[in-house]
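Listed below, chain by chain, are the residues.
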Amino acid sequence: MALSSAPGKVYLFGEHAVVYGEPAVPCAIERRARVGVQRRDDGKLRVHAEDLSLDGFTVEYDGSTGNGPDVDVSESLLSAAMGYVDGAIEQVRDVTGEDEVGFDVTIESDIPLGAGLGSSAAVVVAAIDAATRELGVTLETAELAERAYRTEHMVQDGQASRADTFCSATGGAVRVEGDDCRSLEAPDLPIVIGFDGGAGDTGQLVAGVRDLRDEYDFAADTVGAIGDVVRNGEEALANGDVEELGRLMNFNHGLLSALGVSSRSLDTMVWAARDAGAHGAKLTGAGGGGCIVALDPTPETETALSFTPGCEDAFRAELTENGVTSLE
Ligand SMILES: Nc1ncnc2c1ncn2[C@@H]1O[C@H](COP(=O)(O)OP(=O)(O)OP(=O)(O)O)[C@@H](O)[C@H]1O
Ligand SMILES: C[C@@](O)(CCO)CC(=O)[O-]
Ligand SMILES: [Mg+2]
């Protein structure tokens, strides 16, 4: 049995645009997914996922034959739920050469699903790390991040960046532009998160931006403008200029909103944070619903969010330097 954990993340800047080669700056936060993996020799994959919205279900099936699991839920719901884990195990079989190997996989996570905090990347990174170690193979962090990226790329229909997976694998603040992934020095940021209790489907939201970008030159320009905001943001981060970071986050939110990935509740939480005196606020991750990230060293934003209709949870998030971690 091998057990690994990996962190979720918030985006200071650059989600969506990063899929088209612009830079982005996500930061790992101290909310983690833990994945336990035990080898089985019958080629079957058994996944126990405590936190899936399918009310924590257990399925057992033969992954090596390509036949799906036999459970009483719709095919699309199931593939949405299982895609990332299936994809991670496929990468493990590929990288270890053990094509027929099966696993018992147990997932437990304190990252809300589909809410912009990178639950998918954390699950995939932790799963690949645990499953390869279970087979006696230790991957370098760069290789692990690359394999996790390939999983997200496959599940998100060929449209994904390396940002979430690299950030989860290495921890800390990172900068990703295409296949150039590096760690950044970051000051201790006063991060507050508001969560509307909802979720968005990353694959669908990415496809929506792609269609807009294909149809309108000004949507492509908007993606490019996000890249400009990120480049300014990197400088503000290097200078530890939290006020400038906030202004640029506000700008970034406006551009994401123009690309159609915000929502009424995300906008409401963003405005509640700004009204409470936050330096800035924006949605984080794919959007559609889920979380916003704000910067505020005072307790005002957290308090205001906790009284905002539509905000289900407001909490502070600590940046973490701990990326993927082997627990057993
Ligand atoms: N605890 C978990 N157990 C099993 N699967 C999980 C778990 N957490 C996430 N997943 C997988 O990740 C999917 C959600 O990923 P998605 O990319 O849509 O959202 P996210 O990663 O939370 O947000 P974002 O990509 O915007 O940061 C779930 O549908 C499920 O397949
Ligand atoms: C929307 C997106 O940019 C971030 C999702 O957390 C998608 C990706 O980078 O793969
Ligand atoms: Mg994701």
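Residues numbered from 1 in each chain as written. Chains lettered and ligands numbered in written order. Predicted model: local features only at pLDDT ≥ 70, side-chain atom pairs only at ≥ 80, totals over all residues. Heavy atoms only, no water.

As recorded in an unreviewed UniProt entry, the chain goes by the name Mevalonate kinase, listed as coming from Natrinema halophilum. Checking UniProt for the chain, the heading Catalytic activity (unreviewed entry) contains the comment "(R)-mevalonate + ATP = (R)-5-phosphomevalonate + ADP + H(+)". The Subunit (unreviewed entry) comment attached to the chain in UniProt states, word for word, "Homodimer." (UniProt positions renumbered as here; feature names shortened; annotations may be inferred.)

**Q** Explain the overall build of the chain to me, using residue names and the numbers behind them.
**A** In terms of regular secondary structure, the chain is built from nine helices and twelve strands. Taking 328 residues into account, the globule formula puts the C-alpha radius of gyration at 20 Å, and the chain, at 19 Å, falls close to it. Considered along the principal axes of its C-alpha atoms, the chain spans approximately 55 × 40 × 40 Å. In the chain, which comprises 328 residues, the proportion classed as buried is 54%. Restricting the contact set of the chain to residue pairs at least 6 apart, pairs at least 24 apart contribute 72%. (Helix = DSSP H or I, 4+ residues; strand = E, 2+ residues; numbered from the N terminus. Rg over C-alpha atoms; globule rule 2.2 N^0.38 Å. Buried < 20%, exposed > 50% of the residue type's maximum accessible area, 1.4 Å probe, protein only. Contact = heavy atoms within 4.5 Å.)

**Q** Any chance you could break down the domain arrangement of the chain for me, citing the residues and the numbers?
**A** Where interface size is quoted, it is often the accessible area lost as the parts come together. Domain boundaries assigned for the chain yield domain 1 (2-184) and domain 2 (191-317). For domain 1 and domain 2, the distance between their C-alpha centroids amounts to 24 Å. Facing 27 residues of domain 1, the contacting portion of domain 2 comprises 40 residues. Taking both sides of the interface into account, the surface hidden between domain 1 and domain 2 amounts to around 2,700 Å²; carbon and sulfur atoms contribute 69%. It is Phe13, His16 and Tyr20 in domain 1 that bury the most area against domain 2; as a group they hold 27% of the surface buried on that side. Counting every contact that joins domain 1 to domain 2 gives three salt bridges. Arg175 is paired through a salt bridge with Glu234; the nearest N and O atoms lie 2.8 Å apart. (Domains from an automatic or database assignment. Buried area = accessible area lost by both parts, 1.4 Å probe. Salt bridge = Lys/Arg side-chain N within 4 Å of Asp/Glu carboxyl O.)

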